Protein chains: 2
Amino acid sequence: MSKNKKNKGAPKYVYTFGGGKAEGKADMKNLLGGKGANLAEMVNLGMPVPGGFTLTTELCTAYYDNNEKYPESVYPEVDWALPILEAEMGMKFGDPDDPLLVSVRSGARASMPGMMDTVLNLGLNDITIQGLIKKSGNPRFAYDSYRRFVSMYGDVVLDMKPHTKDDHDPFELILEAKKEARGVSLDVDLTAEDLKELVSEYKAAIKEIKGIDFPEDPIKQLWGAIDAVFGSWNNSRAIVYRKLNNIPAEWGTAVNVQAMVYGNMGDDSGTGVAFTRDAASGANYFYGEFLMNAQGEDVVAGIRTPLPITQLKEIDPKSYEELDAIRLRLEDHYADMMDIEFTIQDKKLYMLQCRVGKRTAFAAMKIAVDMVAEKRIKPKEALMRIDADKLNELLRPIFDLKEKKIALDNKQLLAKGLNAGPGAATGKVVFNAEDAVTLAKSGDPVILVRVETSPEDIAGMDASEGILTARGGMTSHAALVARQMGKVCVAGCGELIINYKTRTMRVEGSDIVIKENDYISIDGSTGEVMAGQIKTSPSEVVRVLIDKDLKEEDAPVYQIYKQIMTWADKYRILNVRTNADQPDQASNAIAFGAEGIGLTRTEHMFFGEGKIGPMREMILAKDVEGRKAALAKLLPLQREDFEGIFKAMDGRPVTIRTIDPPLHEFIPHDDAGQKEIADMVGITPEAVKERVEQLHEFNPMLGFRGCRLGTAFPEITYMQARAIFEATVNVINGGQKVMPEIMIPLVGHVAELKGQEIVVRQAAKDVMAETGVDFPYLVGTMIEVPRGAITAKEIAEVAEFFSFGTNDLTQMTLGVSRDDAGSFLPMYVEKDIYQVDPFVSVDQSGVGFLMKLAVKQGRKSRKHIKLGICGEHGGDPESVEFCHRIGLNYVSCSPYRVPIARLAAAHAAIKDQGKKAKKKKK
Amino acid sequence: MSKNKKNKGAPKYVYTFGGGKAEGKADMKNLLGGKGANLAEMVNLGMPVPGGFTLTTELCTAYYDNNEKYPESVYPEVDWALPILEAEMGMKFGDPDDPLLVSVRSGARASMPGMMDTVLNLGLNDITIQGLIKKSGNPRFAYDSYRRFVSMYGDVVLDMKPHTKDDHDPFELILEAKKEARGVSLDVDLTAEDLKELVSEYKAAIKEIKGIDFPEDPIKQLWGAIDAVFGSWNNSRAIVYRKLNNIPAEWGTAVNVQAMVYGNMGDDSGTGVAFTRDAASGANYFYGEFLMNAQGEDVVAGIRTPLPITQLKEIDPKSYEELDAIRLRLEDHYADMMDIEFTIQDKKLYMLQCRVGKRTAFAAMKIAVDMVAEKRIKPKEALMRIDADKLNELLRPIFDLKEKKIALDNKQLLAKGLNAGPGAATGKVVFNAEDAVTLAKSGDPVILVRVETSPEDIAGMDASEGILTARGGMTSHAALVARQMGKVCVAGCGELIINYKTRTMRVEGSDIVIKENDYISIDGSTGEVMAGQIKTSPSEVVRVLIDKDLKEEDAPVYQIYKQIMTWADKYRILNVRTNADQPDQASNAIAFGAEGIGLTRTEHMFFGEGKIGPMREMILAKDVEGRKAALAKLLPLQREDFEGIFKAMDGRPVTIRTIDPPLHEFIPHDDAGQKEIADMVGITPEAVKERVEQLHEFNPMLGFRGCRLGTAFPEITYMQARAIFEATVNVINGGQKVMPEIMIPLVGHVAELKGQEIVVRQAAKDVMAETGVDFPYLVGTMIEVPRGAITAKEIAEVAEFFSFGTNDLTQMTLGVSRDDAGSFLPMYVEKDIYQVDPFVSVDQSGVGFLMKLAVKQGRKSRKHIKLGICGEHGGDPESVEFCHRIGLNYVSCSPYRVPIARLAAAHAAIKDQGKKAKKKKK
């Protein structure tokens, strides 16, 4: 660096590379951009890289800060770097005999493929062209390079490129005219002379349109190109891309000036792109493609079919061997799968690019696991390379990628909704839950399509492969239940027009009508709804753990999953529980590694066989005696439910929430249904109707529900608590352990909790006295009303645990109904008001503030209060990390998200360097 | 005090009074109770008070702390006090010739009338009775006193009293038997001998039931009575009363032991109660009643008719003069209107009690104002003696009290709802808004009865004297609009069954049917709904200020109001604004002293003449162009609205909220209405229906409303801002000043506000450029979403002011929908979960926390940010004081509550000793 000229205190803006040594290195990505840093690194590793130099991202920032002018100190730096490059390449800029030609390319910290500008073949002019002809012995090649340079330079630097779709590129027009004049249709059929004429004609066009002469001075050309590349950092494409990918404008781009090498100089030349392993499967072999006598763009353009990289061994064994050695060297050095670009010029191999290779989610997992086995990386690093959300691909059925592509190419895509329950499902459309059950019994795969679902649809949802709804968000009933069941779900597909009468659906603005029993396919990972049947394949992990029709040793994918989970469990501090309402859900969750239940919603149980009747009787009862009589019928049924869950959980903690939803949800709103109930309960249909009207609410979310029900009707809470404790005793008597945690919902004031606590403890006392069996239990609350979080100190005087109900807490803190948010929340995310849907990932500055407050205040009254989360956020990796940071004890999520939460918890712990990775016990 | 025996460090528990000197004084109420402290004070003032001593409240506390045993030190203290009392009265306890008899009464810090026990005539036994006979010369009087003492002592001390309603008092049974045996029906017809027998029979009953002898030893009697009175502090009546009146159990009661005097010793004896001024009107004359040869209970029992106090002048001029002098002396001394009790025994006057007299709200105001004029108190003190809420009685029509009493006695009370809009109204029932308008035009007074009201009912509400609804809470549409209009309103009267078809209403469980055109009367201050017409009289203040049909000099009540307001304005620091949507409301508010508008809801305007059409067109428009076309029609109409308000406000600040409610509120939900609109807009009724369904929301409160509308359709915000600014320019050009403050509702994220701010500022810029007129304006936001309060620091970077929308903030923070809260909130208040309805008075620990947070955080970004409140709480005295404490600049409330807010603000400032009473300028 000391070779550089004095900058009078200004930073160093130019870094050279080439000839076995570079001023930069891989970890200087922020300054040199990804491309520049990796080129420098390869040079330092002794790999063959055409020489060059990098203008730093700091120069870009200075350029913009300084009203698009460079700091003076950069000019002497470039004057110093150029001769080094010339010496390295043995050529000179502007040399009529053997001219140095260079490329000028952007290179930002984060990859922004194709967003910014590039100029190739820079240094050509009417004099140096002779040198290129001489050196290549190929006038056509030389003039084609010259023609391309002038048009590229004209477009990029001199702003000749079209600015609207309807504009024509003047260079294209000239080229077309030339081909017509020559009576040929392909560029390759033009002769060297034709191309030479094109150069003159292009220059004339520039003069005519822009009123300037094409610059013949290579140094002038160079600065023009540098200006243009820095300038392209702020073109509209780049701005949009940065916004989409959260890349700050302040980062700036670097510019790389590098000697040109040519893969199209003849049959001893060639070019290719490769991965050090298979980017799709993750398998450890050299994967890539190349073409001889070709330029980089030919490999990807698809006009000529590239050859697999292994064939290079036969065509140019020396280059292949060198390349393969470099591949291994790079993996050794970077300890990761790399994506490389190379060119062979006259049998000499040049590396043009190397970077960490993009890969499929599955490949990422396989490579990470393999690299640990190869001792390239530690398990901790392997975990950090796996996107927790992408574990879904191991847990859910997936479409056959080829079949799906054919379907999409075939315009079978009907609409797009919310990716509410990941996975792939295909089946026959039905429009109600009963039909779903019937059709499924006949053995056909079923997709249940509803405007929205309600608790009455649960059996139908369970019978279906997938669920599609027109309304509702990421935490709507359909989405929530589907995730808990592990079903594929596309929710809130607003364009769908569903007609229950005609049993058809269509998409707004389209004529295609999907009828009952027609096949459709839905992708719950992308939200796509497609007409027709697309093949799916099931998850190996599910087959081994849940279906148990595949052995572990026959399931290589499962083995990868298992390895990842083992590592994750070693590092994570957070416990992971599940939300489960039924014994089978509980068992599934345990198979996925759940360490307890964080939320059992008792209300779903009321829709089970034989339970809805007494429930409705209870609601329609005139007085407390009537309610108690109905509750007495419900008690044994609830007890049975709890026994099943306790047995499945086998001593793990089980948090059970007392009744939460408004009562009207349990009574039908249609005349026929009301008549039926009236007959059953023995009252008039009018009385039922009147009760339904009385229960009607304008904003049921903020209405008579949660602990407000239990406060008004303590006999309901008592019955539920008694059912829980009787089940506890029965299961203890059966020889298992039980750890029930009774959770009171919607508490905003400690007095509400206190009242309910008294009822619960009375039930416990009664059951203990009657059975003579002692058992442990906890009484706690959900923190889901903002006031609950605000007054957490008082509430923790009663509550033995808090569980954050972040669904409701988000609704109330943001004033957004999840069921209605479809009309504006997507717009909000699009406008970047919220960067992600706050029902998907915890709104950390709003809802998160209240969570932190509640944690702090709660611990003031009860130092070791148990803290968890049971909202849908419990399965979202970002939210899981947040929960770790604020010091919760556990997260709880739907069974199929348990592995994701385990991995996310490990990520959080690994990131959290400050704390020791010591796992707290439940 | 030094005369007292040594207590070995224990506190002094006994304070003597009598003979011109007392150990206590008036300001020792906490220790001696109200009664004891005032008795001591009167003694010190040289007034004739029967001697006695007070056992302190500290003794009560010690008694309960010490497992219902007294500290040893109290016994010698009583032994010391008794002889002093005996010396003072010239009688001895247990003296067979002239026995000292005493009363033992409770006396707490706060008055708890009739809640605790009393024993009279203590000291009588079979020996001392002879002394009493001798002294009174009246054996019947003596035995009657003895009999009463034994039964009272038996009940209170020996627990002979019945404990359930069905139990009989054994003494009553014996008395009845005696009367039957004697063939008489009245107690007074029993002879001395009969009464003597009763004494024996009572004692025998005690022996039989309790197995103990009646204590003959006066000292034993005394301690038994003291135990009983202290014990009665914790009887269930007293506990309930304390809970209702927020009196802490720790306060304890004092016990007063005082020499008995008798008003029933003959025609030279008597007893009475009096007020130093008229407690009903506040007029300054001696007001009271007395009876000769009677005991205190006879005056209030209503068997004999008491005489007005002035007649005492004729019967016993000396006592009267002495009493009148004491009356004046007490007012001089206490500087307040006093309530006194006296007894005359053998022409000698004794004062038995004095305390600050209860009075009507109006009397309180008159007395306070008069006492300042009399230089007894300072204006500051006068203000503190007036309950701000009670100012309503000066501002609203009131029922003729006699007529109302007759109506209630006549069982005309139908039901009770929420006292949502104070005042009295009587009129003919109509069941819809159109009928209200029609009937009112015919000159009849109208009461509009609806299940609930909606914006479409506004004209009908305006035409009515009062509004009665079956549903909705204190901040329901009906309640809110009624208060703003100054209408009487009873809301949420859940027992009402309203039948629109038959145009009748009845009350659940009653057969009375009220038909259209029947008269009813509603009391918006109590929530009473009564059948029939009850005379009302209008408010003098309203007649002077609003109706202008009464001159100030002919309106004494108005003069009192004016004086109070003048003082209030001198002390208050908070500014008071009003919520007003129309010029007339604005003018009324100014008459009541409003200093600006804190909230103009623009949506009410859309229901005005000719506006709903374009509004609906706008909502039904398919695209932004359609919306803009409809908005163009609305713009001039809105501009006119704003001009009217700006003119009325004449330069005072006017906060205008951009559109807030969900759009579906503007479109009818019935088929006929939808058809009509479809025809008007030129689309199919199905299209209207579809749009209505699309706009339907499960929880509209948390839905697509507030700034979410303006964010989705910035053209609406632009139109409204432009209308505001065009109106501003027009009014400025008319020679008035205008200070518009544009307020964006429902902001939860600064990005929402930022987006709307840009639109508003663009409109301002456009209007300034077009008109060449410069004008000041502010852009701010409501803080009504919890997240808004939490992120107030960020929001204040954009907002120039915050206005707390505590209605919505309460709904979201507590998770309670005001429209649905009727099903559980009254129960919550009853169960003391919330001590007051949080929609009436700010929930200071929940909602208040967020308000304080927002104030603190907001000032971090913008030190002098203007802070106000525009929720309904802005007119609630407790909430106003809270707003003062947390440092808001202003409160805003409905016009008729402006005076209340002014007084409450003065109270807050006077209480807030720490700050200087320096009024901030707007």
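Reading the values: rules and limits
Residues numbered from 1 in each chain as written. Chains lettered and ligands numbered in written order. Predicted model: local features only at pLDDT ≥ 70, side-chain atom pairs only at ≥ 80, totals over all residues. Heavy atoms only, no water. Polar contact = N/O pair within 3.5 Å; in protein donor to acceptor, adjacent residues only side chain to side chain. Helix = DSSP H or I, 4+ residues; strand = E, 2+ residues; numbered from the N terminus. Salt bridge = Lys/Arg side-chain N within 4 Å of Asp/Glu carboxyl O. Buried < 20%, exposed > 50% of the residue type's maximum accessible area, 1.4 Å probe, protein only. Least-squares fit on C-alpha atoms with pLDDT ≥ 70 in both. Contact = heavy atoms within 4.5 Å. Pairing = 2+ DSSP bridges. Axes fitted to C-alpha atoms, helices over the stretch in contact; angles between N-to-C directions.

*Asks:* Help me understand helix H16 (residues 401–409) of chain B in this model?
*Replies:* Think of an α-helix as turning once every 3.6 residues; residues three or four places apart then point the same way. Looking at where H16(B) begins, the residue whose side-chain oxygen comes 3.0 Å from the main-chain nitrogen of B:Lys402 is B:Asp400. Residue B:Lys411 follows H16(B) closely and has a positive phi angle near 60°.

*Asks:* Explain the pattern of salt bridges to me, please; I cannot follow it from the model alone.
*Replies:* Pairing between side chains becomes possible if they bear opposite charge and their charged atoms approach one another. This model, assessed by the stated rule, comprises 126 salt bridges over all chains. Salt-bridge contacts for A:Glu881 lead to A:Lys911; the nearest nitrogen and oxygen are separated by 2.8 Å. Placement of A:Glu881 in helix H36 (residues 877–885) and of A:Lys911 in helix H37 (residues 898–911) is noted, with a sequence separation of 30 residues between them. What makes A:Glu881 buried here is its relative accessible area of 13%. With a closest N to O distance of 2.7 Å, B:Lys203 and B:Glu216 form a salt bridge.

*Asks:* It is not clear to me how the relation of the copies chain B and chain A should be interpreted in this structure. Could you clarify?
*Replies:* Both copies of the chain are related by a screw-like operation: a rotation about an axis and a shift along it. Superposing chain B onto chain A requires a rotation of 180° together with a translation of 0.3 Å along the rotation axis, leaving an RMSD of 0.3 Å. With respect to symmetry, the two chain copies, as superposed, fit the operation of a two-fold axis. It is B:Asn699 whose C-alpha, among those of chain B, lies nearest the rotation axis, at 2.1 Å. Mapped onto chain A, 100% of the interface residues of chain B are again interface residues, and the two copies thus contact each other with one and the same surface.

*Asks:* Explanation requested: the sheet that holds strand E1 (residues 14–18) of chain B in the structure shown.
*Replies:* Consider a sheet: its strands pair through backbone hydrogen bonds, and that pairing is either parallel or antiparallel. Residue and element names in this part refer to chain B. The antiparallel open sheet is built from 6 strands, whose spatial order is E2-E1-E3-E6-E4-E5. For this open sheet the edge positions go to strand E2 (21–22) and strand E5 (118–122), each flanked by a neighbour on one side alone. With 4 bridges connecting them, strand E3 (residues 52–55) and strand E6 (residues 253–259) associate as antiparallel partners. Bridge assignment links Gly52 to a residue of E6, and that residue is Gln258.

*Asks:* Just to check I follow, could you spell out the sheet that holds strand E19 (residues 496–499) of chain B for this structure?
*Replies:* All names here are of chain B. Read across the open sheet, the 3 strands follow the order E19-E20-E21; overall the sheet is antiparallel. Of all strands in the sheet, those bounded by a partner on one side alone are E19 and strand E21 (513–515). Going across the sheet, the axis of each strand differs from the next one's by a mean of 20°, ignoring polarity. In the sheet, E19 pairs with strand E20 (residues 504–507) via 4 bridges, with the strands oriented antiparallel. If you follow Leu496 over to E20, its bridge partner there is Val507.

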